[in-house]
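Spelled out from the first residue to the last, the chains are:
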Amino acid sequence: MDESEIQFSDLIDCLYKNCISDTNISYIEEKYKDNSNIWNLLCVAYDLKLRGKRVKISKIPNLLEIVDSKGKVTDLIIIYTENAPLEILEMFKYLDLSKSMRVSIYLAIIDKYGDITYYNLSEVSLSK
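Numbering of residues starts from 1 in each chain and follows the order in which that chain's sequence is written. In view of the model being predicted, local features appear only for residues whose pLDDT reaches at least 70, and side-chain atom pairs are presented and counted only at 80 or more, with totals across whole chains, interfaces and linings using the full set of residues. Excluding hydrogens and water, the side-chain values take into account all heavy atoms of the structure.

(A) Main features of the nonpolar core. We call a set of buried Ala, Val, Leu, Ile, Met, Phe, Trp, Tyr and Cys residues a nonpolar core when their side-chain atoms join them within 4.5 Å. Throughout, exposure labels follow a simple rule: accessible area from a 1.4 Å probe, protein chains only, divided by the maximum for the residue type, with under 20% read as buried, over 50% as exposed, and the rest as partly exposed. In this structure, Leu42, Val44, Leu48, Leu64, Ile77, Ile79 and Ala108 are the most contacted members of the largest nonpolar core, which totals 18 residues. For helices the rule is a DSSP run of H or I covering at least 4 residues; for strands it is a run of E covering at least 2, with both sets numbered from the N terminus onward. Those elements that place two or more of their residues in this core are α1 (8–16), α2 (22–31), α3 (38–50), β2 (63–67), β3 (73–81) and β4 (104–110). The contact definition used throughout considers only heavy atoms, calling two residues in contact when any of these lie within 4.5 Å. If near-sequence neighbours (up to four positions away) are discounted, Val44 is found in contact with Leu64, Ile77, Ile79, Ala108, Ile110, Ile116 and Tyr118.

(B) Spotlight on the sheet that holds strand β1 (residues 54–57). In space, the 5 strands of this open sheet follow the order β1-β2-β3-β4-β5, with mixed pairing throughout. Each edge of the open sheet carries a strand with a single partner, namely β1 and β5 (116–121). Ignoring strand direction, the axes of neighbouring strands in this sheet form an average angle of 30 degrees. In this structure, β2 lies alongside β3, joined through 5 bridges in antiparallel fashion. Its bridge partner being in β3, Leu64 is matched across the sheet by Ile77. Docked against the sheet, helix α4 (residues 88–101) engages β2, β3, β4 and β5, running at close to 170 degrees with respect to β3. Pairing between strands is defined by DSSP: at least two bridges between them are needed. Note on method: axes are straight lines fitted to C-alpha atoms, helices fitted across the in-contact stretch only, with angles between N-to-C directions ranging 0 to 180 degrees.

(C) Geometry of α2. Listed in full, the buried residues belonging to α2 are Asn24, Tyr27 and Ile28. Projected down its long axis, α2 carries its buried residues within an arc of 100 degrees, all on one side. Each C-beta atom gives one direction from the helix axis, and the arc is the one those directions make.

(D) Here's a closer look at the packing of aromatic side chains. Pairing of aromatic rings covers Phe, Tyr and Trp, the last through its six-membered ring, and needs centres within 6.5 Å; plane angles under 30 degrees mean stacked, over 60 mean edge-to-face, and all others mean tilted. Applying the stated criterion across every chain, the model contains 0 aromatic pairs. We count a charge as sitting over a ring when the NZ of a lysine or the CZ of an arginine lies within 6 Å of the ring centre and within 35 degrees of the ring normal. Over the ring of Tyr94 we find Lys93, and its NZ or CZ is 5.2 Å from the ring centre.

(E) Just the side chain of Ser98, in detail. Tracing the sequence through the fold places Ser98 in helix α4. Residue contacts for Ser98: discarding those within four places in its chain leaves Leu76, Val103 and Ile105.

(F) View of unusual backbone geometry. In this model, Asn62 sits at a positive phi of 60 degrees, which is unusual for a non-glycine residue. Along the chain, the position of Asn62 falls in the loop between β1 and β2. Backbone geometry places Arg102, a non-glycine residue, at a positive phi of 60 degrees. Within the secondary structure, Arg102 sits in the loop between α4 and β4.

(G) Summary view of the pairing of β2. Within β2, 5 of the 5 residues are buried, leaving the element largely enclosed by the surrounding structure. Taking every second residue as pointing to the same face, both faces of β2 are buried, with Leu63, Glu65 and Val67 on one and Leu64 and Ile66 on the other. In the sheet, β1 pairs with β2 via 4 bridges, with the strands oriented antiparallel. Directly across from Arg54, in β2, lies its bridge partner Val67. The hairpin turn running from β1 into β2, its antiparallel successor, is 5 residues long, and Asn62 in that turn takes a positive phi close to 60 degrees. Where β2 folds back on β3, the antiparallel hairpin that results is connected by 5 residues, among which Gly71 adopts a positive phi of roughly 90 degrees.

(H) Molecular detail of a nonpolar patch on the surface. Only residues above 30% relative accessible area that lack a salt bridge enter a patch, with like-charged residues linked at up to 9 Å and the nonpolar side chains Val, Leu, Ile, Met, Phe, Trp and Tyr linked at up to 5 Å. Method for areas: the Shrake-Rupley scheme with a 1.4 Å probe, in which residue coverage is limited to the protein chains shown. For this analysis, a salt bridge means a side-chain nitrogen from Lys or Arg found within 4 Å of a carboxyl oxygen belonging to Asp or Glu. Taken together, the side chains of Ile20, Ile25 and Trp39 define a hydrophobic patch exposed on the protein surface, amounting to about 250 Å² of accessible area. Mapped onto the elements, Trp39 comes out in helix α3. Judged by relative accessible area, Trp39 falls into the partly exposed class, the value being 43%.

Written out as structure tokens, the structure reads:
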């Protein structure tokens with residue numbers, strides 16, 4: 001496969017099949033050099049692939065999309081590390097986006113050992 005044809009899903013498949021090469025790693029570093037969170041995105045995408053999910057990278061930073069067999073987005077995944085502060089306004093923005101798309105949204109937090117914990121985000125309305 002020519003380097004110019006490598007897609008994010010192809011990289012995840014290579015990780016899944018344990019056929020990642022130095023060429024793939026160099027390609028990742030070059031193509032995503034402006035995205036400091038790419039290794040976290042790959043880590044979460046790989047974990048989701050192990051769980052049988054189809055994942056694609058979003059144009060929005062720190063966001064992955066889970067898609068069905070037809071390519072329709074079914075869920076959104078926000079990615080943070082355990083030491084990064086959560087931006088509340090950003091969470092509301094993602095919640096609004098998920099509501100407008102009518103999809104579920106999850107927060108994936110990666111700890112220092114690479115373990116991932118998923119949280120379902122939803123808006124709760126409390127009345128008196």
